[in-house]
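In case you want the letters, here they are:
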Amino acid sequence: MSSVLVTGANGQVGFELQRSLAPLGNVVAVTRAEMDLANEASILSVLEEHKPSIIVNPAAYTAVDRAESEREQAMAVNAAAPGVLARWAADRGAYLVHYSTDYVFDGTKADAYVETDPVNPQSVYGESKWLGEKAVRSSGAGHVILRTSWVYGHHGNNFLKTILRLAQERNSLNIVADQIGAPTSAALIADVTRGVVEFVSRSEGPDVSGTYHLSAQGNTSWYGYAEQIVREALTKNFTLALQLDALKPITTADYPTPAKRPQNSRLNCAKLMDCFDLPLPAWQEGVNDVIGRLAPAAH
Ligand SMILES: NC(=O)C1=CN([C@@H]2O[C@H](COP(=O)(O)OP(=O)(O)OC[C@H]3O[C@@H](n4cnc5c(N)ncnc54)[C@H](OP(=O)(O)O)[C@@H]3O)[C@@H](O)[C@H]2O)C=CC1
Ligand SMILES: Cc1cn([C@H]2C[C@H](O)[C@@H](COP(=O)(O)OP(=O)(O)O[C@H]3O[C@@H](C)C(=O)[C@@H](O)[C@H]3O)O2)c(=O)[nH]c1=O
Ligand SMILES: [Mg+2]
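Figured I'd write up the structure that's included with this text. Source: prediction; values computed, not measured. (Residues numbered from 1 in each chain as written. Chains lettered and ligands numbered in written order. Predicted model: local features only at pLDDT ≥ 70, side-chain atom pairs only at ≥ 80, totals over all residues.)

**Focus on the site of ligand 2**
The environment of ligand 2 is formed by 19 residues, the closest being Thr62, Thr101, Phe159, Val176 and Trp222. Within the residue set of the shell around ligand 2, elements represented by two or more residues are helix 6 (159-169) and strand 7 (173-176). For the shell around ligand 2, the element with the most residues is strand 7, which contributes four residues. Tallied by class, residues from the shell around ligand 2 come to eleven nonpolar, six polar and two charged. (Near = placed C-beta within 6 Å. Helix = DSSP H or I, 4+ residues; strand = E, 2+ residues; numbered from the N terminus. Nonpolar A, V, L, I, M, F, W, Y, C, P; charged D, E, K, R; others polar.)

**Examining the site of ligand 1**
Every one of the 26 residues lining ligand 1 counts as a neighbour, but Gly8, Gly11, Gln12, Ala60 and Val151 are closest to it. Considering each element in turn, the shell around ligand 1 owes the most residues, three residues, to helix 1 (residues 12-21). Among the residues making up the shell around ligand 1, the classes are represented as 13 nonpolar, ten polar and three charged.

**With respect to the sheet that holds strand 10 (residues 210-213)**
Taken in spatial order, the six strands of this open sheet run 2-1-3-4-5-10, and their pairing is parallel. Of all strands in the sheet, those bounded by a partner on one side alone are strand 2 (27-29) and strand 10. Geometrically, the sheet is characterised by an average inter-axis angle of 20° between neighbouring strands, direction not taken into account. Examined bridge by bridge, strand 4 (residues 95-101) and strand 5 (residues 142-148) share seven bridges and lie parallel to one another. Residue pairing in the sheet places Leu96 in a bridge with His143 of strand 5. This element, helix 1, spans strand 1 (4-6), strand 2, strand 3 (54-57) and strand 4 of the sheet and lies at about 155° to strand 1. Its contacts with the sheet place helix 5 (residues 124-137) against strand 4 and strand 5, and it is angled at close to 155° to strand 4. (Pairing = 2+ DSSP bridges. Axes fitted to C-alpha atoms, helices over the stretch in contact; angles between N-to-C directions. Contact = placed C-beta atoms within 7 Å.)

**Some points on helix 4 (residues 71-92)**
In a regular helix each residue adds 1.5 Å, so 22 residues correspond to 32 Å; helix 4 covers 31 Å between its end C-alpha atoms and thus fits that length. Along helix 4, the helix axis deviates most sharply at Ala80, where the bend reaches about 35°; the proline Pro82 sits within four residues downstream. Considered for burial, the residues of helix 4 that qualify are Ala74, Val77, Asn78, Ala81, Pro82, Leu85, Ala86, Trp88 and Ala89. Each element contacted by the buried residues of helix 4 is listed here: helix 2 (40-50), strand 3, helix 3 (64-67), strand 4, helix 5 and strand 5. One or two steps after helix 4, the chain reaches Gly93, where phi turns positive at roughly 70°. (Expected span 1.5 Å × (residues − 1). Bend = angle between axes of the 7 residues up to and from the residue. Buried ≥ 20, exposed ≤ 12 C-beta atoms within 10 Å, placed from the backbone.)

**What about unusual backbone geometry?**
The phi torsion at Lys51 lies on the positive side, around 45°, for a residue other than glycine. Inspection of the secondary structure assignment puts Lys51 in the loop between helix 2 and strand 3. Non-glycine residue Asn237 carries a positive phi angle of around 75°. Within the element layout of this structure, Asn237 appears in the loop between helix 8 (222-235) and strand 12 (247-250). According to the C-beta neighbour criterion, Asn237 is exposed, with 12 such atoms within 10 Å.

**Concerning the packing of helix 2 against helix 4**
Between helix 2 and helix 4, the least distance of the axes is 10 Å, while the angle of their chain directions is 30°. Helix 2 and helix 4 meet at a crossing whose hand is right-handed. Only Ala81, Val84, Leu85 and Trp88 of helix 4 make contact with helix 2, whose side of the interface consists of Glu40, Ile43, Leu44 and Leu47. Split into classes, the residues belonging to the contact of helix 2 with helix 4 amount to seven nonpolar, no polar and one charged. (Left-handed = near helix turned anticlockwise from the far one by under 90°.)

Here it is, written out as structure tokens:
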């Protein structure tokens, strides 16, 4: 029987993986306190203790702007650590499921990105995630890399929760309207991961090692996403300090940040859907679902 080790147990995806993988049995999830990905000895000692047959690695340095001034830490966690996990997996015949990001692309393509499109990261975070991908690919381990985008969930910090909070505190909000992508729930990523883990656990199956794009279907801007959040919150008992028309679309130039973000973050997910025979829901479904879980109880 397979045994699964999940890193980053307190992260958005790590948290949902503990739910989605639980039915498989024999799942150990470790936090930063138990396995520090910036410390190779810590990684190796946890791997030797549990000897997993499948490693699922959602842990990452995800503070995109802070990474610009903390390059070393971002590189240790996002670039070096996946290589340590992958080389151990290659030595032991274990399998690695790893995650990456739309931010490996520069966002200048007109259409949705496919897996074979050239990367050109514009931020330290994006570069560190790209180096992590390369380390996994070159390790020789069986692996699936799921590249996803704009992740949010009930557990953890994300744009959805930030907008919900700001909408309760302020009477107007400026939101970037010229960056487009697909908000993707941590729960969806975790459910797809379970499908992938089940697939690779069936030893008679074909080798599916490779990179797959995974996001919810459809796309919007951060502004359109904020509109959906506010609209849904208003129907679900939130007391907001603003109405829908108090959201103002702005350009990237109007919202200066340390890290440059891609204008086009759309990921074409046909390869994943074909290979694993998985449907993907529209992005609004997960957003409405999480807002429902965060909503004040109806009386
Ligand atoms: N968030 C997003 O919008 C997107 C994320 N991704 C990718 O998806 C994956 C999952 O992301 P998500 O769940 O949102 O990330 P989160 O930021 O929610 O969680 C990341 C987890 O990694 C842990 N971590 C950070 N540094 C270390 C370390 N040195 N040692 C051990 N653990 C560490 C954090 O621990 P602690 O809780 O202690 O800080 C945290 O629990 C990542 O690979 C990310 O790059 C891809 C696209 C979008
Ligand atoms: C809070 C806020 C953000 N924004 C803009 C800034 C930015 O362009 C966009 C999103 O801001 P955030 O900082 O929340 O998102 P960001 O941290 O860039 O999100 C990214 O995280 C990493 C980990 C990924 O891998 C990406 O897929 C993506 O999800 O919204 C506004 O315009 N107004 C606001 O009030
Ligand atoms: Mg962020």
